[in-house]
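# Breakdown of the fold
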Amino acid sequence: MKIKTVPMRYEDVLALSEEKRVIPKRPNLFFRTLVKVLSEINLKNVHFKCEKIGMDKLGKHEPCIILMNHSCFTDLMIASKIFYPRPLSIVCTSDGFVGKKWLMRNLGCIPTAKFVTDYALVRDMIRAVSDLKSSILMYPEASYSFDGTATPLPDSVAKCLKFLNVPVIFVRTYGAFQRDPLYNNLQLRNVDISATVEYLLSPEQLAEMPANEINALLKECFSFDNFQWQKDHQIQIREPFRADCLNRVLYKCPHCMAEGRMLGKGTTISCTKCGKTYELTEHGYLKALDGESKFTHIPDWYRWERECVRKELENNTYRLDIPVEIRVLKGTKAIYEVGSGNLVHDCSGFHLTGCDGALDYRHKPVNSYSLYSDFYWYEIGDMICIGKADMLYYCFPKVKGDIVAKARLAAEELYKLSREARKKAITY
């Protein structure tokens, strides 16, 4: 999938008039029927099956909010098939509207910026369920999983559910991550996909439960491990490219500690510094081709990388300082190519400069609980995105090495450390 890009001076982007936010539109029946038909064609190839739990409690025309785990683009096809003809107002990233605002509105999409405070989104969601009588489809993780496990959920989800005061439906997919993991450059694997759809909470339960209990329940629902599921169910992935670009996730060698020297190619991932090589087996576990296997489970390796980043932050030694190509989103007409700059990330947050001195933006750790970062974003390249709801900066590293995953881990751990520091300050 491509996205419309236009070269423009940064000063001219700043001068662009603000686009007025429009209220959500009830999904057009023609378009949602078309999406459903196209989805069924694609899902037929993966022998899609769905189990429904307690769904008889949901009225046929009763608006609800659907919370779904996020593995790949197939998620939208799954939702379209399961819930048709129910109208769905889909919460999606604002860059998805670029160049196709009319289509996205007719599909019922509601734009928002990932990991950025967006009060207008809650108002739009309330309008969707109360005025349009439309259900809401939301991926609360906001981003695809890097390692096949859940990404953090914001604490604000429970409060949002209470405001909406409609039934909560939970959808979990199986096999979608294995078919199209983010790191693998859009190379599809031959894997069947299924899903469970569960009536999770009634409006009465939402009213009775405190926010912290709702968040605890959601955390439990969004606790999953796709690689463990693959092993447990003996799902075989025979494709010879299954380890291609796995270095995006497993960027640090646990043997020589080198970073940015891992290479995922074919069915193996190896360190180009010390030569240690692992095979990614057909059943999704890692096996050293020679000697000790420090890790056999990809999420364990990724969790170790998180712990390493945390230690760097606690010791104040973490620092990312790289030249980047910068693209800016303001409005929905295009992504604007504004030139080059430099991105620094350390314990004080992000600092982006560039465009011949015209751009100087700082993003504090407490501003976002996670980071909008992506691999092969719209087939352009690996990307780190920071900014505010009205202006987003997409930074594409100009240096070799895998940076994006570590930056996300650092942003998440910095947010936790900042929260912990605030709590201590309040206590004292």
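Our structure's up above, just so we're on the same page.
Okay, so let's go over this structure. Owing to the predicted nature of the structure, the values given are computational and were not obtained by experimental measurement.

With that settled, consider the overall build of the chain. Counting its secondary structure elements, the chain contains twelve helices and 19 strands. Over its C-alpha atoms the chain spans a radius of gyration of 22 Å, differing by no more than 12% from the 22 Å that the globule rule assigns to 428 residues. Over its C-alpha atoms, taken along the principal directions, the chain stretches across nearly 60 × 55 × 50 Å. For the chain, the proportion of its 428 residues judged to be buried stands at 55%. Partitioning the intrachain contacts of the chain with sequence separation of at least 6 by distance along the chain shows that 68% fall at a separation of at least 24. Put simply, the chain shows about 19700 Å² of open surface, and 53% of that area lies on carbon and sulfur atoms.

Okay, the pattern of salt bridges next. Taken as a whole, this structure holds 27 salt bridges when the rule is applied. Among the salt bridges present, the one from Arg 303 reaches Asp 300, with a minimum N-O distance of 2.7 Å. Of this pair, Arg 303 and Asp 300 both sit in helix α11 (residues 298–314), three residues apart, which is roughly one turn of the helix. In this structure Arg 303 comes out as partly exposed when scored by relative accessible area, which is 40%. Between Arg 327 and Glu 337 there is a salt bridge; the shortest N-O distance is 3.9 Å. Here Arg 327 is found in strand β13 (residues 320–329), whereas its partner Glu 337 is found in strand β14 (residues 335–346), with ten residues between them in sequence. A single salt-bridge network, built from bridges that share partners, covers Arg 306, Arg 310, Glu 314, Glu 412, Glu 413, Lys 416 and Glu 420.

Packing of helix α6 (residues 156–164) against helix α9 (residues 211–221) leaves a shortest axis separation of 8 Å and a crossing angle of 110°. Of the possible angle classes, the one that applies to α6 and α9 is roughly perpendicular. The hand of the α6/α9 crossing is right-handed. On α9, the residues touching Val 157, Ala 158, Leu 161 and Lys 162 of α6 are Ala 211, Ile 214, Asn 215 and Leu 218. Residue classes in the contact of α6 with α9 are distributed as six nonpolar, one polar and one charged.

This brings us to a nonpolar patch on the surface. A contiguous nonpolar surface patch, about 470 Å² in accessible area, is contributed by Phe 30, Leu 34, Val 37, Leu 38 and Ile 41. Inspection of the secondary structure assignment puts Val 37 in helix α2 (residues 29–44). When its relative accessible area of 39% is taken as the criterion, Val 37 is described as partly exposed.

It is worth spelling out the sheet that holds strand β8 (residues 194–201) at this point. Spatially, β2-β8-β7-β3-β6-β4-β5 is the arrangement adopted by the seven strands of the open sheet, whose pairing is mixed. Edge positions in the open sheet fall to β2 (49–53) and β5 (109–112), since each of these has one partner strand only. Geometrically, the sheet is characterised by an average inter-axis angle of 20° between neighbouring strands, direction not taken into account. With four bridges connecting them, strand β4 (residues 88–93) and β5 associate as parallel partners. What sits directly across from Thr 93, in β5, is Thr 112. Across the sheet, helix α3 (residues 74–83) is in contact with β2, β3 (65–68), β4, β6 (135–138), β7 (168–174) and β8; its angle to β7 comes to roughly 125°.

Now for the packing of aromatic side chains. With the rule as written, the count across this model stands at 16 aromatic pairs. On the basis of an interplanar angle of 65° and a centroid distance of 6.5 Å, the ring pair of Tyr 369 and Tyr 415 is categorised as edge-to-face. Taken together, the residues Tyr 369 in the loop between β16 (359–363) and β17 (372–377) and Tyr 415 in helix α12 (residues 404–427) connect sequence positions 46 residues apart. For Tyr 369, a relative accessible area of 16% translates into the label buried. With centroids separated by 4.7 Å and ring planes inclined at 85°, the aromatic side chains of Trp 377 and Tyr 378 adopt a geometry described as edge-to-face. Its relative accessible area of 2% is what places Trp 377 among the buried residues. Aromatic rings pair up to connect Tyr 372, Trp 377, Tyr 378, Tyr 394 and Phe 396 into one cluster. Taking the ring centre of Phe 396 as reference, the NZ or CZ of Arg 327 above it sits at 5.4 Å. Here the basic side chain of Arg 408 rests over the ring of Phe 146, its NZ or CZ set 3.7 Å away from the ring centre.

What follows deals with unusual backbone geometry. Here the amide bond leading from Tyr 84 into Pro 85 is cis, since omega sits at 5°, within 30 degrees of zero. Mapped onto the secondary structure, Pro 85 falls in the loop between α3 and β4. We note that Cys 355 has phi near 55°; this positive angle belongs to a residue other than glycine. Judged by relative accessible area, which is 8%, Cys 355 ranks as buried.

Viewed as axis vectors pointing N to C, α2 and α3 meet at an angle of 115°, and their least axial separation amounts to 8 Å. Considering the angle they form, α2 stands roughly perpendicular to α3. Helix-helix and strand crossings are classified by hand; for α2 and α3 the assignment is left-handed. Here α2 contributes Val 35, Lys 36, Ser 39, Glu 40, Asn 42 and Leu 43 to the contact with α3, which in turn contributes Thr 74, Met 77, Ile 78, Ser 80 and Lys 81. Its residues assigned to classes, the contact of α2 with α3 comprises four nonpolar, four polar and three charged.

Within the secondary structure, Arg 242 is located in the loop between α10 (226–232) and β9 (262–265). Along the chain, Arg 242 and Asn 184 lie 58 residues apart, while their C-alpha atoms are 7.1 Å from each other. Sequence-distant contacts of Arg 242, that is, excluding residues within four places in its chain, are made with Tyr 183, Asn 184, Arg 189, Ile 237, Gly 266, Thr 267, Glu 279, Leu 280, Thr 281 and Glu 282. Polar contacts involving the side chain of Arg 242 include one to the main-chain carbonyl oxygen of Ile 237, which spans 3.3 Å.

With that settled, consider the nonpolar core. Side chains of nonpolar character tend, in soluble globular proteins, to be buried together. Counting residues in each nonpolar core, the largest one holds 58 residues, and the members touching the most others are Leu 286, Leu 343, Leu 352, Ile 384 and Tyr 393. Among residues more than four places away in sequence, those in contact with Leu 352 are Val 324, Ile 326, Asn 342, Leu 343, Leu 359, Asp 360, Tyr 361, Ile 386, Tyr 393 and Cys 395. Counting residues in each nonpolar core, the second largest holds 31 residues, with Cys 72, Ile 82, Leu 88 and Cys 109 among its members.

Scoring rules and cut-offs
- Residues numbered from 1 in each chain as written.
- Predicted model: local features only at pLDDT ≥ 70, side-chain atom pairs only at ≥ 80, totals over all residues.
- Heavy atoms only, no water.
- Helix = DSSP H or I, 4+ residues; strand = E, 2+ residues; numbered from the N terminus.
- Rg over C-alpha atoms; globule rule 2.2 N^0.38 Å.
- Buried < 20%, exposed > 50% of the residue type's maximum accessible area, 1.4 Å probe, protein only.
- Contact = heavy atoms within 4.5 Å.
- Areas by Shrake-Rupley, 256 points an atom, 1.4 Å probe, with all protein chains shown as cover.
- Salt bridge = Lys/Arg side-chain N within 4 Å of Asp/Glu carboxyl O.
- Axes fitted to C-alpha atoms, helices over the stretch in contact; angles between N-to-C directions.
- Parallel < 35°, antiparallel > 145°, perpendicular 65-115°, else oblique.
- Left-handed = near helix turned anticlockwise from the far one by under 90°.
- Nonpolar A, V, L, I, M, F, W, Y, C, P; charged D, E, K, R; others polar.
- Patch = residues over 30% accessible without salt bridge, like charges linked within 9 Å, V, L, I, M, F, W, Y side chains within 5 Å.
- Pairing = 2+ DSSP bridges.
- Phe/Tyr/Trp six-rings, centres within 6.5 Å; stacked < 30°, edge-to-face > 60°.
- Lys NZ or Arg CZ within 6 Å of the ring centre and 35° of its normal.
- Polar contact = N/O pair within 3.5 Å; in protein donor to acceptor, adjacent residues only side chain to side chain.
- Core = buried A, V, L, I, M, F, W, Y, C linked by side-chain atoms within 4.5 Å.

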